[in-house]
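# Topology and contacts: notes
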Amino acid sequence: MTYMHIGKDFTPPDAEGKVTGAARYSEDFRRDGLVFARLLTSPVPSGMVRNIDATEALRMDGVLGILTADDLPETPRPGNPALSNELTYVGQPILAIAAISEQIAEDALGRIRLDIERRAFVVDPLDSLVEGGPNAYPEGNVMRRGESGMELAPLKWSRAAVENFRNGRDPQAEFTTEWSFGDLDAAFAECSVVIEEPFVSAGTPHHSLEPRTCMSYWENGRCYFHGSLQSQSAANAPLARMLGIELDDLCFINETTGGGFGSRIGPYPFMAISGYLSRNLNRPVQVRITREEEFFIGSARSGMQGWMKVGLKPDGKVAAVDLVIVNDGGSTGSGSGSSGAGAVTVIYQPNAMRFRGVSVFTNTTPRGAQRGPGQNEMHAITAPIMDKAANQLGMDRVAFRRANAPDSNSRIEANQTNMTSAFMREAIDMGAQMFDWEGKINQPRRNGSKVIGIGVGQGYHAAGNNGFDGIVRIGTDGRIYLHTGVGNLGTYSYAGTVRAAAEALQCRWENCEIVRGNSDLGLPHSSGQGGSNTMFTHTRTNWVAAMDAIAKMKEIAAAELGGTVDDYSIGEERVFKTATPAEGLTYAEAAQRAVALGGRYSGAEYPDDINELTALAVQKIAGTGLVGVAKDNLEKNGTAPGLAVAFAEIEMDLDTGKYEILDYVGIAECGTIVHPKGLSQGMNGGGVWGFGMAGHERHVYDPQNGLPANIGLYQSKPPTFLDVPLQMRTAAVNIPDPQSPVGARGIGEPAQGCAVAAVTSAIADALGGHLFNRVPVTPDMVIDYVAGNAYNNKSLKTNTF
Amino acid sequence: MNPRLTRRRFIKGVIYSSAAAMSGAGLYLTNAQSQSSAAVGRLISINVNGRTRSVDVLPQETLAHTLRYKLNMTGTKLGCNRGECGACTVLIDDVTTYACSMLTHSVKTRTVTTVEGLRSPDGQLHPVQQAFLEELSPQCGFCTPGQVIATVALLKANPRPTREEARQALAGNLCRCGAYDHYLNGVMRASGQLS
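Here the structure is a predicted model, which is why all the values come from computation and not from measurement.

## Things to note about the sheet that holds strand 36 (residues 774-775) of chain A
All names here are of chain A. With mixed pairing, six strands are arranged side by side in an open sheet as 9-19-18-17-10-36. One side of each edge strand has no neighbouring strand; the edge strands of this open sheet are strand 9 (177-181) and strand 36. Two strands pair when backbone bridges link them, and strand 9 and strand 19 (residues 352-360) are joined in this way by five bridges, in the antiparallel orientation. Counted as the bridge partner of W179 is F355 from strand 19.

## Re the pattern of salt bridges
All names here are of chain A. Per the stated rule, a full pass over the model turns up 63 salt bridges over all chains. We note a salt bridge from R31 to E219, for which the minimum N-O separation is 2.9 Å. Residue R31 is located in the loop between helix 1 (15-20) and strand 1 (35-41), and its partner E219 is located in strand 12 (residues 213-219); the two are separated by 188 residues in the primary sequence. On the accessibility criterion, E219 (34% relative accessible area) is partly exposed.

## Brief notes about the domain arrangement of chain B
Residue and element names in this part refer to chain B. Taken domain by domain, chain B consists of domain 1 (7-117) and domain 2 (127-190). In this complex, domain 1 contributes 16 residues to the contact, which on the side of domain 2 involves 13 residues. The junction of domain 1 with domain 2 conceals about 1100 Å² of combined surface from both sides, 66% of it contributed by carbon and sulfur atoms. Seen at the junction of domain 1 and domain 2, the total is one salt bridge. Across the pair D94 and K156 runs a salt bridge, and its minimum N-O distance is 3.0 Å. Elements represented by at least two residues in the side of domain 1 that touches domain 2 include exactly strand 3 (89-92) and strand 4 (95-98). The element best represented in the side of domain 1 that touches domain 2 is strand 3, accounting for three residues. In terms of residue class, the side of domain 1 that touches domain 2 is built from seven nonpolar, seven polar and two charged.

## Notes on the interface of chain A and chain B
Listed as interface residues are 67 residues of chain A and, on the opposing side, 61 residues of chain B. In this assembly, chain A packs against chain B so that about 5400 Å² is buried in total across both faces, 57% of it on carbon and sulfur atoms. Taken together, chain A and chain B are joined by seven salt bridges. Residue E27 of chain A is joined to R68 of chain B by a salt bridge in which the shortest nitrogen-to-oxygen separation is 2.8 Å. Counting every contact that joins chain A to chain B gives 33 residue pairs in polar contact (both at pLDDT 80 or more). Listed by contribution, the elements that provide at least two residues to the side of chain A that touches chain B are helix 1, helix 3 (102-109), helix 9 (291-297), helix 20 (676-695) and helix 21 (713-716) of chain A. Considering each element in turn, the side of chain A that touches chain B owes the most residues, eight residues, to helix 20 of chain A. Among the residues forming the side of chain A that touches chain B, the class breakdown is 28 nonpolar, 24 polar and 15 charged.

## Regarding the sheet that holds strand 1 of chain A
Residues and elements named next belong to chain A. Pairing within the open sheet is mixed, and its seven strands lie in the order 3-5-1-15-12-13-14. Each of the sheet's edge strands pairs with one partner strand only, and the pair in question is strand 3 (63-68) and strand 14 (250-253). Taking the axes of each pair of neighbouring strands and ignoring which way they run, one obtains an average angle of 20° across the sheet. As paired elements, strand 12 and strand 15 (residues 285-288) share four bridges and run antiparallel to each other.

## Quick word on the state of the cysteines
All names here are of chain B. Scanning all chains against the criterion turns up zero disulfides over all chains. Take C85: it sits in no disulfide, and the sulfur closest to it among the cysteines is that of C80, at 3.8 Å. Unpaired in terms of disulfides, C143 finds its nearest cysteine sulfur in C175, a separation of 3.9 Å. For C143, a relative accessible area of 4% corresponds to the buried category.

## Quick word on the side chain of N376 of chain A
Residues and elements named next belong to chain A. Inspection of the secondary structure puts N376 in helix 11 (residues 375-393). For N376, a relative accessible area of 0% corresponds to the buried category. Once you skip the residues sitting within four places of it in the chain, N376 turns out to touch R301, R371, M693, E749, Q752, G753 and V756.

## Examining the packing of aromatic side chains
When we look at a pair of aromatic rings, we describe it by the centre distance and by the angle of the planes. Residues and elements named next belong to chain A. In this structure the tally under the stated criterion is 20 aromatic pairs over all chains. Arranged with centres 5.6 Å apart and planes meeting at 40°, the rings of W179 and F355 form a pair that is tilted. Placement of W179 in strand 9 and of F355 in strand 19 is noted, with a sequence separation of 176 residues between them. The class of W179 is buried, set by a relative accessible area of 14%. Here F225 and F252 contribute two aromatic rings whose centre-to-centre distance is 6.5 Å and whose plane-to-plane angle is 40°, an arrangement assigned as tilted. Residue F225 is found in strand 13 (residues 222-226), and its partner F252 is found in strand 14; the two are separated by 27 residues along the sequence. With a relative accessible area of 0%, F225 lands in the buried category. The cationic tip of R31 hangs over the ring face of Y217; the distance from NZ or CZ to the ring centre is 3.9 Å. Sitting over the ring of F435, K440 keeps its end group 4.2 Å from the ring centre.

How each quantity is defined
Residues numbered from 1 in each chain as written. Chains lettered and ligands numbered in written order. Predicted model: local features only at pLDDT ≥ 70, side-chain atom pairs only at ≥ 80, totals over all residues. Heavy atoms only, no water. Pairing = 2+ DSSP bridges. Helix = DSSP H or I, 4+ residues; strand = E, 2+ residues; numbered from the N terminus. Salt bridge = Lys/Arg side-chain N within 4 Å of Asp/Glu carboxyl O. Buried < 20%, exposed > 50% of the residue type's maximum accessible area, 1.4 Å probe, protein only. Domains from an automatic or database assignment. Contact = heavy atoms within 4.5 Å. Buried area = accessible area lost by both parts, 1.4 Å probe. Nonpolar A, V, L, I, M, F, W, Y, C, P; charged D, E, K, R; others polar. Polar contact = N/O pair within 3.5 Å; in protein donor to acceptor, adjacent residues only side chain to side chain. Axes fitted to C-alpha atoms, helices over the stretch in contact; angles between N-to-C directions. Disulfide = S-S within 2.5 Å. Phe/Tyr/Trp six-rings, centres within 6.5 Å; stacked < 30°, edge-to-face > 60°. Lys NZ or Arg CZ within 6 Å of the ring centre and 35° of its normal.

The following block contains the structure:
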């Protein structure tokens, strides 16, 4: 299909501000009378604050006030409170001090006297699961269903069960989540290859480059809140609830955000601090955190400890998978084991599968969504395990993946639901050709201490939702205003998705203006910008809003020029009679008529089924033009998948244990390409995240004291220019999804999953099929293996090493 | 080696950086009017983007702090405030410097160039900015000013770098979004090696 805008490169309007420094992030905003707050955080991994003596601090010149947990609404335990007297990890905020300068606030923190009762703590889930092991909370170490719903409770395994698990066997113990489909025993009985492997993936901090910042002030009972979130409109309702105000009493401003990667999809707890302090003090209050605090409260990926049994039939089809995952849930108990298991059902299409999992609280940082939570670490682990199975069968690794690739008729996840469409086989074929798989696997592999490894990996994440709203407005001057509630997190999806409306309206891009970044501008209810969903979800909302505008213009034209709406077409920013194109109205004239007509044409009236936030938005813009507004009620049947495949060639130095990625090809299978450069950015950026997971990033805790050992960027550690290939190559299958008006689906999460899987696959290949069954694979592990040292990769230790 | 980077200047830089790290300047000092009582500012002149600016500067104040909170030049970003990320990279006498790790008092006799100072007088984007825009190099954009400045410095010293030379030169600038490939494409375009 030939499009005006879809599939064409363009310069998103915020990009120039990013290269000139003019783009405004939350901390760049100032208000007269602005004051500052700093956080006092927990020095211990577990304990209870018995007393806070702030007398001396509050006497200091310039100190304006204090906020403690007692000043905030109670948060259900075990939550992720903004401030807390119950301490469950090092770095947890206890209180905030406001002062006329950050320095004074910081000085005041030093004069606070805390009386803390210390408690036992635990940083490794298995150390908590084992009988007699400590719990992260006094009541227990897991969430399970009790008499009053889900509640904290202890779950303990026998020493034998934990020992079995550590040694790579099914622990045959109790879990909190279980699902299965198919006849597992019968499926394993059909297999000619069956392998069992233990595995570990490390927890990793998000470390978004912009330290999160909030600044808020109140005027006439309304809160004006500058935040740094991935999402825009998705923040309004939860933030209003957090502040205890009505939706219309919140103006949320978020023009640009310095990364999020899942940690900033919705309001995070400490946003309450500036909101409450600014209301209490009746002054603008800014709270921003340091790099260290970003590690503590900026969220992190949950780690996994697991066991997997896989069976292949003689034809290479995956018949059965039995999977156990113990998640390190940190202080929030958040784990993504079931999501990871779901990804296995998509990529390898087993006939039968069982998943058993439990997420265990530890006294480490709060865990939350991080780019493909569950799925991406699972891809990292399963790729070399599946390689081993394929190798035992004597099957080429790409041929194995092709044989098991999902297509549009495949069933996925625990409930074996369908997908909107899927073309993984086409992606594999495209990538294998670009990468020259055949040529590379047959090249000489060894050159002195250097050895070449070739890998292939796949990624999956659900990538689209429905039911959100869209708004387009045509001004009386004919200018097209594309209102979006999509946040500006760096993917340019806010701009890519509104091009669906421009496409439907057949208008010039230079005549369009994107309205975003401030809820008082009239922004529609939108999904959160996480989970690869935006492209599918909001090309649909923009499309239906544009269709509503077109329908209204045709009605206006028919009323004025005669005939019915079916007699009219649009083009060149006019609505005209199809039979006699000279008879018609310009978009500007149609908008002028809409303002005069009022009612549903001007936004004075709006559909009943739109969200409250969208209704408030329409009220703000009513009477300023022709308003197209609609809820996405288009058909959506099944899961919209984001799929990707990647190929990697590494050169590993067996003397140093380090490797360099010589070549990388990532192929996206995300429906129609909407914005080629944006897609390339997403695939390459996800690739870099994959390289970080494969070889670099991890949490490290001191088991003696529960102290984090690598809070800084260079310790944790995200990849630099020198850790990635000199050049990366990407492409996309570009087959439209039938359930998107422009055929688009998302790709943000699979872009990482395929990359980490390709690299772990290549590492195993370089070492003759040796499995570390762990990410990251660090040089010391390689050297130990090469030297024949007994690196105990089956101990399943996590966080502590 | 950069001829301006003498041994004496390097040692002085290390001393200043260490002083910045140890003096408490690692804290965010954001309100010039209301510092703690022990701090006494001194009015000095510094040359930023070709203009002489008079500014009251505390002894332990970093250049990043002065630029952002006293001169309102917020293009210089603070990602870590501890010399790890490079988001605050500026040019001092055409040498890339982490502004979070440089005391403002140490640049009194030197010229400072920030991302705001790169446009031509008629408002045209600097060729590096234009190239980064054409390659859509930024993602979230928080590291971009630092990447732009590092590239400007590179191309002054080496107008036609190889891709490998470019990544070595930019290695002190972290991009958490992972836009490295696109930044390198921007460098190649700015140096006329990509059309």
